[in-house]
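# Structural features, examined
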Amino acid sequence: MTSPVPLMLNKAHYPVTSLGPGTRAGIWTQGCTIGCAGCVSQDTWEADPGTSVDVAAVRAWLAGLPEPLDGITVSGGEPFQQPEALAALLEWVRAWNRERPVPLDVLVYSGYSLTRLRKEHPSLLGLCDAVLTGPYVERLNSPGLRWKGSSNQRLTALTDLGRERYEGTDPGDAPPPMQVAVDDGRVWFIGVPRRGDMDRLSARLRSAGITVEGASWRS
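All values reported here derive from a predicted model rather than from experimental measurement. (Residues numbered from 1 in each chain as written. Predicted model: local features only at pLDDT ≥ 70, side-chain atom pairs only at ≥ 80, totals over all residues. Heavy atoms only, no water.)

### Details of the environment of Gly-50
What counts is decided by this rule: Strands here are runs of E lasting at least two residues and helices are runs of H or I lasting at least four, both read from the DSSP assignment and numbered beginning at the N terminus.
Residue position: Gly-50 is located in the loop between strand 2 (24-29) and strand 3 (52-54). In this structure the C-alpha to C-alpha distance between Gly-50 and Met-8, which are 42 residues apart in sequence, comes to 7.8 Å.

### A few points about the state of the cysteines
Joining two cysteines, a disulfide is a covalent bond between their sulfur atoms. Our working rule: Any pair of cysteine sulfurs within 2.5 Å is marked as a disulfide.
For the structure shown, the criterion picks out zero disulfides. We note that Cys-36 lacks a disulfide partner, and the nearest cysteine sulfur, in Cys-32, lies 6.4 Å from it. Considering cysteine sulfurs only, Cys-36 is the nearest to Cys-39, which forms no disulfide, with 6.4 Å between them.

### Structural notes on unusual backbone geometry
In plain terms, the rule: Throughout this description, buried means an accessible area under 20% of the type-specific maximum (1.4 Å probe, protein chains only), exposed means over 50%, and partly exposed covers the range between.
Of note, the bond from Tyr-14 into Pro-15 is cis; its omega dihedral lies within 30 degrees of zero at 0 degrees. Take Pro-15: it is sitting in strand 1 (residues 6-16). Here the residue pair Gly-76 and Gly-77 is connected by a cis peptide bond, since its omega of 10 degrees sits within 30 degrees of zero. Positionally, Gly-77 belongs in the loop between strand 4 (71-75) and helix 2 (83-97). Even without being a glycine, Trp-147 presents a positive backbone phi close to 75 degrees. Locating Trp-147 in the fold gives a position in the loop between strand 6 (130-133) and strand 7 (154-157). Given a relative accessible area of 2%, Trp-147 falls into the buried group.

### With respect to empty space enclosed by the protein
By rolling a water-sized probe across the atoms, one finds the places where empty space is left. Formally: Cavity means a closed set of points on a 1 Å grid over the protein atoms alone, one where a 1.4 Å probe fits but cannot get out, pocket means an open set with protein on both sides within 12 Å along at least 5 of 7 lines, and lining means a residue has an atom within 4 Å of a point. Grid points are joined across faces, edges and corners, and a volume is the space filled by probe spheres set on the points. Residues are grouped as follows: Ala, Val, Leu, Ile, Met, Phe, Trp, Tyr, Cys and Pro are nonpolar; Asp, Glu, Lys and Arg are charged; all remaining types, including Gly, are polar.
Under the criterion given, the structure shown has one cavity of 30 Å³ or more. Taken together, Leu-7, Thr-29, Pro-79, Gln-82, Ala-85, Leu-86 and Leu-89 make up the lining of the largest cavity. Considering every element that reaches the lining of the largest cavity, the biggest residue donor is helix 2, with three residues. For the lining of the largest cavity, a count of residues per class yields five nonpolar, two polar and no charged.

### Side note on the packing of aromatic side chains
Which entries qualify depends on this criterion: Think of it this way: a Phe, Tyr or Trp ring, Trp meaning its six-membered ring, pairs with another when their centres are within 6.5 Å, and the plane angle makes it stacked under 30 degrees, edge-to-face over 60, tilted otherwise. For a ring to carry a charge above it, either NZ of a lysine or CZ of an arginine must fall within 6 Å of the ring centroid while also lying within 35 degrees of the normal to the ring plane.
What the rule picks out here adds up to two aromatic pairs. Centroid distance Trp-92 to Trp-96: 4.8 Å. Interplanar angle 25 degrees. Geometry classified as stacked. Here Trp-96 and Trp-92 lie together in helix 2, a separation of four residues that amounts to about one turn. Given the relative accessible area of 12%, Trp-96 is considered buried. Taking the centre distance of 5.7 Å and the plane angle of 70 degrees together, the rings of Trp-147 and Tyr-166 count as edge-to-face. Taken as a pair, Trp-147 in the loop between strand 6 and strand 7 and Tyr-166 in helix 5 (residues 160-166) lie far apart in primary sequence, 19 residues in all. Per residue, the accessibility class of Trp-147 equals that of Tyr-166, and both read buried. Over the face of the ring belonging to Trp-28 we find Lys-11, whose NZ or CZ atom lies 4.6 Å from the ring centre. In this arrangement the basic side chain of Arg-100 is found over the ring face of Trp-96, its NZ or CZ atom lying 4.9 Å from the centre.

### Digging into helix 2
Worth spelling out the cut-off: Under the convention used throughout, the expected extent of a helix is 1.5 Å for every residue step, that is, one less than its residue count.
Between its first and last C-alpha atoms helix 2 spans 21 Å; for 15 residues at 1.5 Å apiece the expected length is 21 Å, and the two agree. All buried positions along helix 2 are accounted for by Ala-85, Leu-86, Ala-87, Ala-88, Leu-89, Leu-90, Val-93, Trp-96 and Asn-97.

### Focus on the pairing of strand 4
Inclusion rule: Whether two strands pair comes down to DSSP finding at least two bridges between them. Whether a crossover is right-handed comes down to one check: with the strands pointing away from the viewer, does the path from the first strand over the helix to the second run clockwise; if it does, it is right-handed.
With five of five residues buried, strand 4 is to be regarded as a mostly interior element. In strand 4, alternate side chains face the same way, and those of Gly-71, Thr-73 and Ser-75 on one face and Ile-72 and Val-74 on the other are all buried. Inspection of the sheet shows strand 2 paired to strand 4 by five bridges, in the parallel sense. Of the residues in strand 4, the one forming a bridge with Trp-28 is Ser-75. Direction of pairing for strand 4 relative to strand 5 (residues 105-110): parallel, over a ladder of four bridges. What sits directly across from Gly-71, in strand 5, is Asp-105. Between the parallel elements strand 4 and strand 5, the chain passes through helix 2 in a crossover that is right-handed.

Written out as structure tokens, the structure reads:
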């Protein structure tokens, strides 16, 4: 019997259609020490052990999802700050892929540079089909950055499947629409907003008599 591998998890959601091609499963890790100014996911920064789940539970959730399932997007938080848990998850995904008639791709978001990841986590990169790397820079957030938060970030395909699905799609394509999901009384906005979008949304809601509390993009 294998030992439990804990993963600090902010949330998991299906379907996700705004963070990669096709219909995907989204996994957001908890904990990030990078702390980019203007980050819309500040609720994921604290490394809270109380959010820990066994990676096996995440695997079971993935295995129980309906079709279509074209890929998995892992974001955060900073996924590479939990390398053991990320490896345990992605090694299982690779084995699971061998059983699937149509393979799913793995896209991982990271605030670290690709150079740093290649130096510190080469084996983990070997389990990804594509990575989107680099810190979020608010002043470089602009329209036309599909799947990116800012223009300095780099989308890199790492496998044949990654090249098939990601090359030629970035940059210049219009960003996919933001998704809205409601779970346990909370509203989730999934996707990559443009600068000022969330403040404009808050203002629109206030004008309709709805107050936003505990917003993830506020510290």
